[in-house]
Protein chains: 2
Amino acid sequence: MPQVSQRGTIMPASPIRRLVPLANAAKNRGVKVYHLNIGQPDVPTPEEGLEALKHIDRKVLEYSPSDGLLSLREKLKQYYGTYNIDVEVDDIIVTTGGSEAVLFAFMACLDPGDEIIVPEPAYANYMAFAISAGAKIVTVPSSIDEGFALPPVEKFEELITPKTKGILICNPNNPTGYLYTMKEMLQIRDLVKKHDLFLFSDEVYREFCYTGAPYISAFHLPDIEEQVVLIDSVSKRYNECGIRIGALITKHKELKKNVMKFCQARLSPPLLGQIVAEASIDTPKSYMLATYNEYVERRKFLIDQLNKIPGCYTPIPMGAFYTVVKLPVDDADKFCEWCLESFDYEGQTVFMAPASGFYTTEGMGRNEVRMAYVLCKEELAKAIKVLEEALKAYPGRTI
Amino acid sequence: MPQVSQRGTIMPASPIRRLVPLANAAKNRGVKVYHLNIGQPDVPTPEEGLEALKHIDRKVLEYSPSDGLLSLREKLKQYYGTYNIDVEVDDIIVTTGGSEAVLFAFMACLDPGDEIIVPEPAYANYMAFAISAGAKIVTVPSSIDEGFALPPVEKFEELITPKTKGILICNPNNPTGYLYTMKEMLQIRDLVKKHDLFLFSDEVYREFCYTGAPYISAFHLPDIEEQVVLIDSVSKRYNECGIRIGALITKHKELKKNVMKFCQARLSPPLLGQIVAEASIDTPKSYMLATYNEYVERRKFLIDQLNKIPGCYTPIPMGAFYTVVKLPVDDADKFCEWCLESFDYEGQTVFMAPASGFYTTEGMGRNEVRMAYVLCKEELAKAIKVLEEALKAYPGRTI
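Residues numbered from 1 in each chain as written. Chains lettered and ligands numbered in written order. Predicted model: local features only at pLDDT ≥ 70, side-chain atom pairs only at ≥ 80, totals over all residues. Heavy atoms only, no water.

By the naming in an unreviewed UniProt entry, chain A is Pyridoxal phosphate-dependent aminotransferase, taken from Muribaculum gordoncarteri. Heading Cofactor (unreviewed entry) of the UniProt record for chain A holds this comment: "pyridoxal 5'-phosphate". (UniProt positions renumbered as here; feature names shortened; annotations may be inferred.)

1. Some words on the overall build of chain A
Helix and strand counts for chain A come out as 13 helices and 12 strands. At 21 Å, chain A has a C-alpha radius of gyration in line with the 21 Å of a compact globule built from 399 residues. Over its C-alpha atoms, taken along the principal directions, chain A stretches across nearly 60 × 55 × 55 Å. The contacts in chain A between residues at least 6 apart in sequence include a share of 77% that link residues at least 24 apart. Accessible surface, chain A as shown: approximately 14,000 Å² in total, 53% of it carbon and sulfur. Charge centroids of chain A, computed over 44 positive and 52 negative side chains, lie 2 Å from each other. (Helix = DSSP H or I, 4+ residues; strand = E, 2+ residues; numbered from the N terminus. Rg over C-alpha atoms; globule rule 2.2 N^0.38 Å. Contact = heavy atoms within 4.5 Å. Areas by Shrake-Rupley, 256 points an atom, 1.4 Å probe, with all protein chains shown as cover. Lys, Arg positive; Asp, Glu negative; His and termini not counted. Charge placed at Lys NZ, Arg CZ, Asp CG, Glu CD.)

2. Looking at the pattern of salt bridges
All names here are of chain B. For the coordinates displayed, the defined rule picks out 56 salt bridges over all chains. A salt bridge links Glu-62 to Arg-58; the nearest nitrogen and oxygen atoms lie 2.9 Å apart. Overall, Glu-62 belongs to the partly exposed group, its relative accessible area being 24%. A residue is classified by how much of its surface remains accessible, and Arg-58, at 29% relative accessible area, is partly exposed. Its salt-bridge partner being Asp-90, residue Arg-73 comes within 3.2 Å of it at the nearest N-O pair. (Salt bridge = Lys/Arg side-chain N within 4 Å of Asp/Glu carboxyl O. Buried < 20%, exposed > 50% of the residue type's maximum accessible area, 1.4 Å probe, protein only.)

3. Description of the nonpolar core
One finds Phe106(A), Phe335(A), Met352(A), Phe106(B), Phe335(B) and Met352(B) to be the most contacted residues of the largest nonpolar core, which totals 306 residues. Apart from the residues lying within four places of it in its own chain, the contact partners of Met352(A) are Leu19(A), Leu36(A), Asn37(A), Phe335(A), Cys336(A), Cys339(A), Val369(A), Arg370(A), Met371(A) and Leu387(A). (Core = buried A, V, L, I, M, F, W, Y, C linked by side-chain atoms within 4.5 Å.)

4. So, the interface of chain A and chain B
Each partner contributes residues to the interface: chain A has 83 residues there, and chain B has 83 residues. Summed over both sides, the interface of chain A with chain B buries roughly 6,500 Å², with 58% coming from carbon and sulfur. Among the salt bridges present, the one from Glu47(A) reaches Lys59(B), with a minimum N-O distance of 3.9 Å. One can count 56 residue pairs in polar contact (both at pLDDT 80 or more) joining chain A with chain B. At seven residues, the largest contribution of residues to the side of chain A that touches chain B is made by helix α9 (residues 253-265) of chain A. Split by residue class, the side of chain A that touches chain B holds 41 nonpolar, 23 polar and 19 charged. (Buried area = accessible area lost by both parts, 1.4 Å probe. Polar contact = N/O pair within 3.5 Å; in protein donor to acceptor, adjacent residues only side chain to side chain. Nonpolar A, V, L, I, M, F, W, Y, C, P; charged D, E, K, R; others polar.)

5. Details of the relation of the copies chain A and chain B
Placing chain A over chain B gives an RMSD of 0.0 Å and needs a rotation angle of 180°, together with 0.0 Å of translation along the axis. Expressed as a symmetry operation, the mapping of one chain copy onto the other fits a two-fold axis. Relative to the rotation axis, the C-alpha of Lys54(A) is the closest in chain A, positioned 2.1 Å from it. Interface overlap between copies: 100% of the residues of chain A at the interface are likewise at the interface in chain B, consistent with a symmetric, same-surface contact. (Least-squares fit on C-alpha atoms with pLDDT ≥ 70 in both.)

6. Regarding the domain arrangement of chain A
All names here are of chain A. When cut into domains, chain A gives domain 1 (6-44 + 286-393) and domain 2 (47-280). Here domain 1 and domain 2 have C-alpha centroids that lie 25 Å from each other. Buried surface at the junction of domain 1 and domain 2, both sides included, amounts to about 3,200 Å², of which 64% is carbon and sulfur. Of all residues in domain 1, the largest losses of buried area upon contact with domain 2 belong to Tyr-292, Met-318 and Phe-358, amounting jointly to 18% of the total for that side. On the surface where domain 1 and domain 2 come into contact, there are one salt bridge. With a shortest N-O distance of 3.5 Å, Lys-326 and Asp-145 are connected by a salt bridge. In this assembly, domain 1 and domain 2 are joined by 17 residue pairs in polar contact (both at pLDDT 80 or more). Secondary structure elements with two or more residues in the side of domain 1 that touches domain 2: α1 (6-10), α11 (285-308), β9 (322-326) and β12 (368-372). Broken down by element, the side of domain 1 that touches domain 2 gets its largest block of residues, seven residues, from α11. In terms of residue class, the side of domain 1 that touches domain 2 is made up of 26 nonpolar, nine polar and five charged. (Domains from an automatic or database assignment.)

7. Comments concerning the packing of aromatic side chains
One pass over the structure, following the stated rule, counts 40 aromatic pairs over all chains. Centroid distance Phe104(A) to Phe262(A): 5.9 Å. Interplanar angle 35°. Geometry classified as tilted. Within this pair, whereas Phe104(A) is found in helix α5 (residues 97-109), its partner Phe262(A) is found in helix α9, the two being separated by 158 residues in sequence. Each member of the pair, Phe104(A) as well as Phe262(A), is classed as buried. Seen in terms of ring centroids, Tyr123(A) and Tyr126(A) are 5.3 Å apart; in terms of plane orientation they differ by 80°. Their pairing is edge-to-face. Overall, the relative accessible area of 13% leaves Tyr123(A) in the buried class. In this structure, Arg17(A) packs its charged tip against the face of Tyr63(B), placed 5.2 Å from the ring centre. (Phe/Tyr/Trp six-rings, centres within 6.5 Å; stacked < 30°, edge-to-face > 60°. Lys NZ or Arg CZ within 6 Å of the ring centre and 35° of its normal.)

8. Concerning the packing of helix α2 (residues 20-28) of chain B against helix α12 (residues 332-341) of chain B
Residue and element names in this part refer to chain B. With their axes 8 Å apart at the nearest point, α2 and α12 run at an angle of 25° to one another. Between α2 and α12, the angle falls in the class roughly parallel. Counting all contacts with α2, which are made through Leu-22, Ala-23 and Ala-26, the residues of α12 involved are Glu-337, Leu-340 and Glu-341. Here the residues of the contact of α2 with α12 sort into four nonpolar, no polar and two charged. (Axes fitted to C-alpha atoms, helices over the stretch in contact; angles between N-to-C directions. Parallel < 35°, antiparallel > 145°, perpendicular 65-115°, else oblique.)

9. So, the UniProt feature "domain: Aminotransferase class I/classII large" (unreviewed entry) in chain A
With numbering matched to this structure, UniProt assigns "domain: Aminotransferase class I/classII large" (unreviewed entry) to residues 33-384 of chain A. The straight-line gap between the two end C-alpha atoms of residues 33-384 of chain A is 12 Å; of that span, 36% is helix and 16% is strand.

10. Examining the sheet that holds β9(A)
Residue and element names in this part refer to chain A. Judged by pairing direction, the sheet is antiparallel, and its three strands sit side by side in the order β9-β12-β11 without closing on themselves. Every interior strand has two partners, whereas the edge strands, β9 and β11 (353-354), have only one. Relative to β12, β11 is paired through two bridges, and the arrangement is antiparallel. The residue of β12 that forms the bridge with Ala-353 is Arg-370. Set on the sheet, α11 makes contact with β9 and β12; between it and β9 the angle comes to about 0°. (Pairing = 2+ DSSP bridges.)

Take a look at the structure:
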């Protein structure tokens, strides 16, 4: 039988989705599973988006342009304008989710052997896309004890080699919920400028910053605008993860040209999702504010409750809707599996993402999990109760 | 400024979409452009699919499973059953269009430097996906004078090296419309078996075979079932190219596992497209038959008319809805550009895909174009008239 590729073999399974078969098995046994593993909010998609779907008056669901519908790109430009992100319509390339934006950014910027530096823990799929491109992700550890702040810039500089092509940040951060300060963003900017690097900036959680300070986009940083590759998605801000609409935004002419080749090869981003996304941009501020307030409340509730559990610790996430939690267990991978396979509390269990998959440094995050606060407070309360009981019952507890 | 990747630079621009800016400019000048360049049929999407859209009763447009909705995969299994393609639900992985199926097949089977052998002319984007995977496409030329029949098997064998991992066929063929005979399919089967290769079989035009003989899928070939990687898409059979739903089908366990890692990395295929695709499978046979009959008629019309034009020649395509046409011009790339930039006949022009982009052998297809008969007969008649006039006026004509 012919052999599969090395690439596919070394690619890690997603820490977010790897345990799905165990969760499905639990559900088949009649166990209620609280999904804290995945950033799939229970918040409704905007009415404007759902209505647009019902009024698609087309006889043929045809290809869209490879870079997306012009009307959507125009709306996106306006949207970015409200954040003082000054981009032209032609700088915006619509992609199949933020995922494809990351893949195309790596494919068009990195050759096999090239390196990018990423603070860890980091969104696990960056690794998968880097492996797809044959590139190497080099990580700078940030630590839960320092609240996942940006590691000192010297730590990045130590890792820069002739193979280094860029720095990648996710801000607000998935999985940590960390939000970079202006001071940190300027440090990153100086680094990128000094070493002539790309700055890949994943800003899909822009709407969810829990401080009053204005949001800092990579495009706000002076004098590096052609080095910025912005990754965006409508999934999280409008709670429409399933429509698979994202964007890659760049002012680097050569890069734009090359990204377009990858876009043309896959023909077009999903038409229906683009229609929903475009309509969703018109959702009133009241929708965005209600969603925001909901997360603020969930965040306070989840963090307060978690920190009450003996041996648990999580810093306050300042953005996004994730938090990394240290648990009093020997091995969070085993614990997460055990919760799904061997435990239930009154017919319920929790599905968490083991944090080890968000680190590349061996052994890091071993007693940490990522939790998404994408469930309503009542469900979160039940999930926390289940977690508390699970921690009492788990044979590998360390407290 | 940081440099883009070599990969992006060597990637060819799509011969199908490369000239889109010229077409847009022509339209902006008020010229009517007949699109023969792209496989975007004007045939309506099934009512069942369009209706399903209007009745999506979901409050949250959430992620679907990474391998697609179970209900869709079950329907697809039934659909394949009607073609005696005997696959299990778990063999079917739903992808974002057939495009992603090709990309994931290459990513999961091929490492940088690996080779696959493909008869040319071939669908241009195979090349793009191979470059994405760092793999090399090695081509065996087929020729218009032999009606694009499968080249002798010895020609394939001459190209097999230790780096060869697979053979790729597209059947019915895009761009040639060729349909492999049982004899040819068995030759391919023997080759794949003898050398323990993957057989990548792109069968997205399965519905459009213009002979009475039963369709031969790669999965019908004896004793190589674990070597077959079937690429499929609903785009063409239900005229819903924009929904971006395809499938990768394999019985190779290790491959399935590895493809799933790529699927999980990009989270999920488009939810809305899956709902439309699932409903479209229920479209009555009368819809499929009407579409089929429409293409039969267009094919006859187009081929007869083209072969009447002095210096033009095209063999009869036996499947799909494309044909490769030899034109009496010095350079089809220049001619196609000239039609869009410098020519109109009574305010109309034609957009064709230069065939050079479907060949990798330098110089091949230089006076050939690919035409898609995706327009109604009345429009095709006008397009042919325009082509005839263009050939009279073109300064580089050879007749």
